Amino acid sequence: MTAMADITPLITVRDLTARYGHIEALRSTALHVAPGEFVTILGPNGAGKTTLLRAITRLIASTGQIVFNGRDVTHLRTHELAGLGIIMVQEGRGLFGDMSVRENLQLGAYKLSGPQAHSERQLEKVFSLFPRLRERIDQTASSMSGGEQQMLAVGRALMADPKLLILDEPSLGLAPRVASEILSTLGALNKEGLGILLVEQKAPLALKLAQRVYILASGSVRAELPTQEIESHHDLARYYFT
Amino acid sequence: MTSLAITSPKPAARLDRFSLGLLGAGALLFAAVLVYGGYLLTVMQLAMIYGIFCLGLNFFMGYTGQASFGQNAFACIGGYGSAILCVQYNWEPALALIASMGVAGIAALVIGYPTLRLRGHYLAMATFALGLITYDISVQWTSLTQGYMGYAGIPPLGIGSLTVEDERLKLLCLGGLLLVGFWISQRLRDSRFGRGLRAISGSENGAAALGIRISRFKLIAFVIAGLYASAAGSLFAHTVGFISPEVFGPQMVIVTFTMLYIGGVGTLIGPVVGAIVASLLPEIFRSTGRFQDIAYALVLLLMLIYAPKGLSALGALFRPRKDKGEA
């Protein structure tokens, strides 16, 4: 039992099942993230990690129940979930390549209501985390390097002032130094209280930051454990730390 | 510190030098036609009308990335709306144009709501069917449309005692309306709404994940395209003074697609450039006699091969490349 179990979860997923045609890619999966918690999902290729994230954000059809901040959001659509503060950085970044950094960031703030100052504050926060984006403000997203694009993808998600940030393999295809820089930034954001749900291949890096880990295999959760306990499971430690 | 104005309502995009050059060349051509007059006045008038049509089509196909082969349906509503209201009910042409746009907008809303649930080829086929159905209605419903006879004697554009009958004045008026259409298009493209449309064109899932309501945005883009098409249909009726079903038939789809792709689909000035170039090219080859169509087709092919993103995108060749960072 984790220490977080007593706190009302930020998001609770119950019995989530998703199919691609006849193939059941996700089977009765359950997970939760507490407010301000950093949770990592690990698993081999084809385990259903991306499917799980896409099912949570309603990018694919699924059955089951999703409760966010105590509200049943199972039947909401993707854009409505984004309005509640569930923001996902998709695998492959999902940037709009023909648009400038400025326009991509503007789109991130799309659902922000209230005074313009709010958006400006978010922008300053993004620039303080990723100063390079300020230098590239009028450059098209497609003309930037992979690392800068990933910074922009995370920055754009932060522009939406998320309550829960979901990331699908943000370090994919990046140099180790850049991946480490981005994941460290996520760690800093989590320390400020942002809930994070991360799918990541670079397990050692992700496990340094996460408080809890789910191990996914063949479309279902095989294990859930606090990060510090993973080393006591020798088989898992050998698999994910070496 | 200088504000980066991330939430500024001002347009983010500015026309680059190449685009300004193309527009300048278009303006010079426009002025030359205005001075020399003759048959080219009519050609340029039609180019202006098609330019307005293509500005709308660009909203749906270029910015939003959706396929519609049926925008001629809304031009048909505009054309016949103006013709019927002015010839049979003696409406003022300007009021008839606005009323027809209203009908076309409502039609686009009603038709678009169920149709835009389709994607890709299915949407293309559904919209193509819409164009064919409208064409068929304009042929068959003779009590309303007078069938193949069409409508003649449609009054020129004007309001009250002010009528635009002089051919040069007509061209100036159409050029002014095209500029208004262009200005609206630019403002919308660079607005929060326009960025949302372009995001949908980039990735529907990506846009939805940022909170953009895809179905509503597509529908609004479809309605805007319908309004532009209707205005173009009405302007055709008031400029030429005669309409028949063939004017708004499938041929119109081919012509406007050619214009949009020559100019540059999804670009700001592409629809205007494409409409002018595709209207004037056949006239340039007129001296080749029976080889006119072949020469025109060859030039179109060369353009599509060497400028696949359209003439207005050629400016990218002259821009200095920015190096990617090391990360």
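The structure displayed is predicted, hence computed values, not measured ones.

(A) Focus on the interface of chain A and chain B. With 40 residues of chain A at the interface, the matching set in chain B holds 30 residues. In total, chain A and chain B occlude about 3200 Å² of area from one another, counting both sides; carbon and sulfur atoms represent 58% of this. Ranking the residues of chain A by area buried against chain B places A:Phe96, A:Gln106 and A:Tyr110 at the top, with a combined share of 21%. B:Arg198 serves as the salt-bridge partner of A:Glu103, at 2.8 Å between the closest nitrogen and oxygen. Where chain A packs against chain B, one counts 3 residue pairs in polar contact (both at pLDDT 80 or more).

(B) The arrangement of the state of the cysteines in detail. All names here are of chain B. One pass over the full model with this rule turns up 0 disulfides over all chains. A disulfide-free cysteine, Cys54 has its sulfur positioned 17 Å from the sulfur of Cys76, the nearest such atom. Free cysteine: Cys173, not disulfide-bonded; nearest cysteine sulfur from Cys86 at 14 Å. Its relative accessible area of 27% is what places Cys173 among the partly exposed residues.

(C) Structural detail: the sheet that holds strand β3 (residues 38-42) of chain A. Residue and element names in this part refer to chain A. One open sheet accounts for 6 strands, arranged β6-β7-β8-β3-β9-β10; its pairing is mixed. Since the sheet does not close on itself, it has two edges, and those belong to β6 (86-89) and β10 (220-226), each with one partner. Averaged over all adjacent pairs, the angle separating strand axes in this sheet is 15°, with direction ignored. Where β3 and strand β9 (residues 212-217) come together, 4 bridges link them in parallel fashion.

(D) Representation of the sheet that holds strand β2 (residues 23-33) of chain A. Residues and elements named next belong to chain A. With antiparallel pairing, 4 strands are arranged side by side in an open sheet as β2-β1-β4-β5. Because the sheet does not close on itself, it has two edges, and the strands there are β2 and β5 (71-72). Sheet topology places strand β1 (residues 11-20) next to β2; 7 bridges connect them, and they run antiparallel. Following the sheet pairing, Thr12 is matched in β2 by His32. Of the strands in this sheet, β1, β2 and β4 (63-68) touch helix α1 (residues 49-56), which is tilted by about 115° from β1.

(E) Expanded view of the confidence of the model for chain B. Residue and element names in this part refer to chain B. Of all residues in chain B, 93% attain a pLDDT of 70 or more, and the chain-wide mean is 89. The low-confidence segment residues 1-12, where pLDDT is below 50, has 25 contacts with residues more than four positions distant or belonging to other chains. The ipTM for the predicted assembly is 0.83, set against a pTM of 0.86.

(F) How the structure looks around unusual backbone geometry. Residues and elements named next belong to chain A. A positive phi is found at Asn69, a non-glycine position, where the angle reads about 55°. Exposure remark for Asn69: the relative accessible area of 49% places this residue in the partly exposed category. Although it is not a glycine, Asp161 adopts a positive phi angle of roughly 55°. Turning to its location among the elements, Asp161 is positioned in the loop between α6 (146-159) and β7 (164-168).

(G) Broad picture of the packing of helix α2 (residues 39-63) of chain B against helix α7 (residues 167-189) of chain B. All names here are of chain B. Running from N to C, α2 and α7 cross one another at 15°; their axes reach a closest spacing of 8 Å. Classified by the angle between their axes, α2 and α7 sit roughly parallel to one another. Judged by the sense of rotation from one axis to the other, the crossing of α2 with α7 is left-handed. For the contact of α2 with α7, a count of residues per class yields 14 nonpolar, 5 polar and 4 charged.

(H) Seen up close, the pairing of β7(A). Residues and elements named next belong to chain A. Across the 5 residues that make up β7, a large majority, 5, are buried. On β7, burial covers both faces: Leu164, Ile166 and Asp168 on one face and Leu165 and Leu167 on the other are all buried. Pairing of β6 with β7, which is carried by 4 bridges, proceeds in the parallel orientation. Bridge pairing in β7 links Ile86 to Leu164. Of the pairings in the sheet, the one linking β7 to strand β8 (residues 195-199) comprises 5 bridges and is parallel in character. Bridge assignment links Leu165 to a residue of β8, and that residue is Ile196. Handedness of the β-α-β unit built from β7, helix α7 (residues 176-191) and β8 comes out right-handed.

(I) Looking closely at the nonpolar core. Core analysis: the largest hydrophobic core is formed by 90 residues, its most contacted members being B:Met44, B:Ile212 and B:Ile243. If you look at the next biggest cluster of nonpolar residues, it comprises 39 residues, including A:Ile137, A:Ile196, A:Ala206 and A:Ala210.

(J) Quick peek at the packing of aromatic side chains. All names here are of chain B. In the structure shown here, the tally under the stated rule is 11 aromatic pairs over all chains. Measuring from ring centre to ring centre gives 5.3 Å for Phe59 and Tyr63, while their planes differ by 85°; the resulting arrangement is edge-to-face. Within this pair, Phe59 and its partner Tyr63 are both found in helix α2, separated by 4 residues, close to a single helical turn. Note on accessibility: Phe59 and Tyr63 belong to one class, buried. Members of the aromatic cluster, joined through ring pairs, are Tyr80, Tyr151, Phe236 and Phe248. The positively charged end of Arg117 is found above the aromatic ring belonging to Tyr113, 5.1 Å away from the centroid.

Criteria and thresholds
Residues numbered from 1 in each chain as written. Chains lettered and ligands numbered in written order. Predicted model: local features only at pLDDT ≥ 70, side-chain atom pairs only at ≥ 80, totals over all residues. Heavy atoms only, no water. Contact = heavy atoms within 4.5 Å. Buried area = accessible area lost by both parts, 1.4 Å probe. Salt bridge = Lys/Arg side-chain N within 4 Å of Asp/Glu carboxyl O. Polar contact = N/O pair within 3.5 Å; in protein donor to acceptor, adjacent residues only side chain to side chain. Disulfide = S-S within 2.5 Å. Buried < 20%, exposed > 50% of the residue type's maximum accessible area, 1.4 Å probe, protein only. Pairing = 2+ DSSP bridges. Helix = DSSP H or I, 4+ residues; strand = E, 2+ residues; numbered from the N terminus. Axes fitted to C-alpha atoms, helices over the stretch in contact; angles between N-to-C directions. pLDDT = per-residue confidence, 0-100. Parallel < 35°, antiparallel > 145°, perpendicular 65-115°, else oblique. Left-handed = near helix turned anticlockwise from the far one by under 90°. Nonpolar A, V, L, I, M, F, W, Y, C, P; charged D, E, K, R; others polar. Right-handed = clockwise from strand over helix to strand, strands pointing away. Core = buried A, V, L, I, M, F, W, Y, C linked by side-chain atoms within 4.5 Å. Phe/Tyr/Trp six-rings, centres within 6.5 Å; stacked < 30°, edge-to-face > 60°. Lys NZ or Arg CZ within 6 Å of the ring centre and 35° of its normal.

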